[in-house]
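Report on the structure
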Amino acid sequence: MLKVQNLKKTYTVGDFVTNAVDDLSIEFRQTEFVAILGPSGCGKTTFLNILGALDRPDSGEISLYGNSLTEFKDIELDRYRNHSLGFIFQTHNLVQHLSIVENVEMGMTLSGVNEKERRERALELLNKVGLVEHMNKRPNQLSVGQSQRVAIARALANNPDIILADEPTGSVDSKTSHQIMELIKEVAENKLVIMVTHDVKLAEQYATRIVRLNDGRVESDSNPYDSSGKVDVSKELVLKKTAMSFKTSFLSALKNLKTKLGRAFLTAFASSIGIIGIALILALSSGMNQEIETFQTQTIGQYPINISSVQINQDAIAELRQQTFESFPKEKEVIAYDSNITSILLHYNNLTDEYVEYVTNYYNENPQLFSGFTVKPKMKYTIITPIVDAEGNTSYKHFFTDGSSNTMPTDQLGRRSTLLPDGGIFDSVYDIIAGAKPSSDPANKTFDIVITVDKYNRINLNILNDLGFVVEDRERISFDEFVGKELFLKPGGYNAATFNPDDAIKLRISAIVRIKKADSFTLFNNGIAFTNELVDYIKENYPTTVSSVDYIHIYPINFDVKEQIKEHLDAYNDRFETEDDPNYIRYSDDSAVFAAISKTLIDAISIGLIAFTSISLVVSSIMIAIITYTSVIERTKEIGLIRALGARKKDVSRIFNSENIIIGLLAGILGMVLTYILTFPLNAILRHYSGVNDIAQVHWHHIVVMILISTFLAFVSGLIPARMAAQKNPVEALKIE
Ligand code: ADP
Ligand code: MG
């Protein structure tokens with residue numbers, strides 16, 4: 001069944017050529033016990049290694065059931081070693097970090113036998129070699145003879161057709177030698193056993209055929225064989241598949257890591273440092289970006305782009321500031337000076353229908369750019385407060401007629417009604433500190449209004465008096481007295497004598513709102529704020545009380561968008577020759593005075609820092625490569641052994657790759673846990689210096705991405721050493737002590 005023809009193998013070291021196997025031809029029967037005898041250095045081991053496909057011959061032919069071994073692909077040779085062959089070495093070559101039973105299972109693990117079957121068969125074999133009670137011991141807890149018996153059990157595990165034994169009794173005493181020979185003879189009853197020995201007596205006692213080698217050739221053969229004419233068996237029948245599952249390589253990697261837990265943990269910890277660095281920068285930059293975004297929304301919320309019928313001329317103010325006069329001048333001259341500055345400072349915008357349409361269309365076409373938009377017309381109306389006296393009689397107090405511009409110039413009494421902006425800006429800028437969001441009920445002529453207070457909860461005394469509160473400076477009034485309070489609004493003129501509450505619009509204070517951020521600037525309109533629904537209702541039902549547009553407030557979603565919107569506003573003025581044109585429109589942007597800290601800048605800084613911190617990732621990658629390399633060196637013999645047992649090159653690299661993936665994963669998880677813990681002291685320090693809470697924030701997507709990066713890097717760093725391990729020559733690897 002195994003036929004060798006004209007086999008040659010030479011070793012050249014320097015100028016010295018050794019013909020280890022020299023034109024050797026021989027054929028073996030399917031079942032026989034062949035002993036190969038010969039002096040040391042005559043090529044016995046070389047021959048056996050070539051038979052076991054651990055080594056390639058220089059020339060010659062080996063055929064297995066008529067299939068040429070030299071034509072086998074690598075993967076087929078792996079299968080041949082795994083299923084058809086059992087190796088027994090001179091030294092037992094057990095893997096020290098595995099138990100006895102796990103050592104026996106190794107070959108079956110490689111061929112993908114399931115766990116239960118594997119264990120059953122291993123125990124059966126251990127029973128056969130008389131070591132079943134030692135199954136959980138480590139190899140170094142056994143005697144040499146016992147270890148050799150474990151090796152025999154392991155060689156038999158996949159029920160091979162051929163057993164190759166290279167001086168199996170070479171390192172044991174003669175009594176144990178006999179035990180081992182008995183065992184081999186017993187297990188080999190229906191197999192081909194080819195055993196190299198230098199013990200002539202043992203050979204004569206146990207073997208059925210004795211072949212003597214000398215200088216790489218057959219010197220004598222006690223029972224030659226020639227199969228010429230026998231039927232061939234197909235390759236597919238000879239070679240069963242070997243497949244080590246991912247799960248198996250993963251579990252085996254875990255097991256190995258467990259034996260050097262300290263090292264694995266330290267490696268993971270060292271690799272996690274780079275991950276922590278990058279994760280902290282990400283946490284900080286995303287927190288800062290969020291902070292900037294909130295700052296922008298709130299600033300814009302407080303200072304929308306304001307296009308008012310009366311507008312302060314910012315350019316004129318700036319010009320005025322630049323005018324410097326020398327004090328106590330020596331020149332004998334008088335300087336003419338126009339002290340009527342209001343005429344210079346104020347600009348009257350002609351908010352024509354055309355202009356309002358120009359702006360409103362832009363809002364309607366690009367709603368994504370705006371978080372709020374308000375067009376307030378000039379309205380003439382009166383607000384009437386019912387006053388109930390001690391006897392329960394109601395009288396009316398009217399206080400608020402507003403027909404002209406109420407934004408500029410400042411109303412000296414602080415009597416202001418504001419229009420609440422439409423859109424998301426309300427929620428991001430205001431806190432409702434009492435009551436609920438305003439709603440409206442046009443069918444019943446009832447509309448909610450809100451009271452706005454500054455960050456100290458203050459409202460102008462005049463407004464409070466007008467609302468019917470008889471109070472003095474610094475007096476405090478409970479929220480309860482506001483929420484639910486009912487007033488009336490009479491569009492147009494008011495006559496106390498003929499006033500009938502049923503004719504008026506009912507107003508109900510639904511909430512007290514306050515600006516969110518503890519900014520040093522306060523909302524400029526404190527007092528009553530209307531909803532757009534109310535304004536629309538008045539426009540529709542009392543058109544004569546509504547005249548031209550008083551102001552337009554534009555709330556862009558952020559500073560960048562604000563510039564875009566301003567460009568659109570500027571474009572309107574292109575149609576006029578000069579700025580002095582009566583229809584030239586000026587707007588004011590008070591939020592422009594705040595430096596627009598750009599998110600792009602933060603991103604740029606973050607990328608720079610991440611690039612810098614990535615150096616530590618490079619360091620940890622190199623470290624993992626070195627550690628894998630060390631591990632490969634340490635486990636060279638084991639690599640040789642599992643290759644002899646039929647592991648594919650792929651399986652070998654997979655074991656190391658799995659280890660690195662586990663370490664990378666561990667490093668990633670550890671890194672993110674530590675990052676999360678570190679954000680607490682970091683945020684405490686940042687809060688102390690900046691007063692801002694929770695700047696560093698670890699997000700879920702950061703966690704996932706960083707763990708993936710860590711795992712991937714560890715995997716990639718170990719690829720080369722793992723590949724080196726896979727490429728190792730099994731014969732050389734097995735020789736390493
Ligand atoms: P045996 O097992 O019969 O003692 P080997 O097969 O180990 O002999 O060696 C046969 C000959 O080949 C010896 O002369 C040995 O020195 C030589 N040899 C074996 N392996 C190598 C090698 N890797 N490099 C160089 N020479 C080798
Ligand atoms: Mg030898």
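Residues numbered from 1 in each chain as written. Chains lettered and ligands numbered in written order. Predicted model: local features only at pLDDT ≥ 70, side-chain atom pairs only at ≥ 80, totals over all residues. Heavy atoms only, no water.

1. Overview of the side chain of R643
Defined as follows: A run of DSSP states H or I qualifies as a helix once it reaches four residues; a run of E qualifies as a strand once it reaches two. Both are numbered from the N-terminal end. What makes two residues a contact is simply this: any of their non-hydrogen atoms within 4.5 Å.
Inspection of the secondary structure assignment puts R643 in helix α19 (residues 636-644). Every residue in contact with R643, bar those within four places of it in the chain, is listed here: D78, R81, R648, K649, V652, A726, K728 and P730.

2. Some remarks on the packing of aromatic side chains
Basically, it comes down to this: Each pair of aromatic rings taken from Phe, Tyr and Trp, with Trp reduced to its six-membered ring, is defined by centres within 6.5 Å and is described as stacked if the planes are under 30 degrees apart, edge-to-face if over 60, and tilted in the remaining cases. Whether a residue is buried, partly exposed or exposed follows from its accessible area with a 1.4 Å probe, protein chains only, as a fraction of its type maximum: under 20%, in between, or over 50%, in that order. The criterion for a charge sitting over a ring is simple: Lys NZ or Arg CZ within 6 Å of the ring centre, and within 35 degrees of the ring normal.
Throughout the structure, instances matching the rule amount to 19 aromatic pairs. Centre to centre, the rings of F87 and F89 are 5.3 Å apart; their planes meet at 5°, and the pair counts as stacked. In this pair, the class of F87 matches that of F89, namely buried. Pairwise contacts between aromatic rings join Y355, Y358, Y572, F576 and Y584 into one cluster. In this structure, K562 packs its charged tip against the face of F559, placed 4.5 Å from the ring centre. Just above the ring of Y358 sits the side chain of R575; from NZ or CZ to the centre is 5.5 Å.

3. Some points on the pattern of salt bridges
A pair can form between side chains of opposite charge whenever their charged atoms are brought close. Heads up, the condition is: The salt bridge criterion pairs a side-chain nitrogen of Lys or Arg with a carboxyl oxygen of Asp or Glu, the two atoms within 4 Å.
For the coordinates displayed, the defined rule picks out 28 salt bridges. Two residues, E659 and K260, come together in a salt bridge whose shortest N-O distance is 3.9 Å. Note that E659 is positioned in helix α20 (residues 649-690) and K260 in the loop between α9 (246-259) and α10 (261-302), a separation of 399 residues in sequence. Taken as a pair, E659 and K260 share a single burial class, namely buried.

4. Details of the sheet that holds strand β11 (residues 305-308)
By way of backbone hydrogen bonds, the strands of a sheet pair with one another, either parallel or antiparallel. The criterion, for reference: A pair of strands is labelled paired if DSSP reports no fewer than 2 bridges between them. Note on geometry: axes are C-alpha line fits, over the in-contact stretch for helices, and angles between N-to-C directions span 0 to 180 degrees.
One open sheet holds the three strands; their spatial order is β11-β24-β14, and the pairing between them is antiparallel. A single partner strand is all that each edge strand has here, and the edge strands are β11 and β14 (370-379). Ignoring strand direction, the axes of neighbouring strands in this sheet form an average angle of 15°. Of the pairings in the sheet, the one linking β14 to strand β24 (residues 546-556) comprises eight bridges and is antiparallel in character. Note that in β24 the partner of G372 across the bridge is Y555. Seen against the sheet, helix α13 (residues 353-365) touches β11, β14 and β24 and runs at an angle of roughly 155° to β14.

5. Details of the domain arrangement of the protein chain
What counts here: How far each domain reaches was decided by an automatic or database domain assignment.
According to the domain assignment, the protein chain consists of domain 1 (2-242), domain 2 (257-297 + 598-735) and domain 3 (377-556). Placing a centre on the C-alpha atoms of domain 2 and another on those of domain 3 gives a separation of 59 Å.

6. Let's talk about the site of ligand 1
What counts here: A molecule or strand has a residue near it when one of that residue's heavy atoms lies within 4 Å. Pairs of N or O atoms within 3.5 Å make up the polar contacts considered here, provided that, within protein, one atom can donate a hydrogen while the other can accept it, and that residues adjacent in sequence are counted only when both atoms are side-chain atoms. The Shrake-Rupley method, run with a 1.4 Å probe sphere, supplies the accessible areas, and residue values consider only the shown protein chains as cover. Charged means Asp, Glu, Lys or Arg here, nonpolar means Ala, Val, Leu, Ile, Met, Phe, Trp, Tyr, Cys or Pro, and polar covers whatever is left, Gly included.
Taken together, 14 residues are adjacent to ligand 1, and G41, G43, K44, T45 and T46 come closest. Interatomic distance of 3.1 Å between a backbone N/O atom of G43 and an oxygen atom of ligand 1. K44 is positioned such that a nitrogen or oxygen atom in its backbone is 2.9 Å from an oxygen atom of ligand 1. In isolation ligand 1 has 550 Å² of accessible area, and contact with the protein removes 69% of it. Listing elements by their share of the shell around ligand 1, those giving two or more residues are β1 (2-13), β2 (16-28), α1 (44-51) and α22 (730-735). Looking at the shell around ligand 1 residue by residue, the classes come out as five nonpolar, six polar and three charged.

7. Remarks on helix α4 (residues 115-128)
The cut-off we apply is this: In this scheme, a helix's expected span is set at 1.5 Å multiplied by one less than its residue total. In this description, the arc belongs to the directions extending from the helix axis to the C-beta atoms.
Spanning 14 residues, α4 covers 20 Å between terminal C-alpha atoms, matching the ideal 20 Å at 1.5 Å per step. Listing the buried residues of α4 in full gives R118, A122, L125 and L126. All buried residues of α4 project into a common sector of 100° when viewed along the axis, lining one side. Those residues of α4 that are exposed and aimed more than 90 degrees away from the buried face are K116, E124 and N127. Of the surrounding elements, those touching the buried residues of α4 are α3 (100-110) and α5 (144-156). The distance from a side-chain oxygen at the start of α4 to the backbone nitrogen of K116 is 3.1 Å, and the residue carrying that oxygen is N114. Of the residues flanking the end of α4, it is G130, one or two places downstream, whose phi is positive at about 75°.

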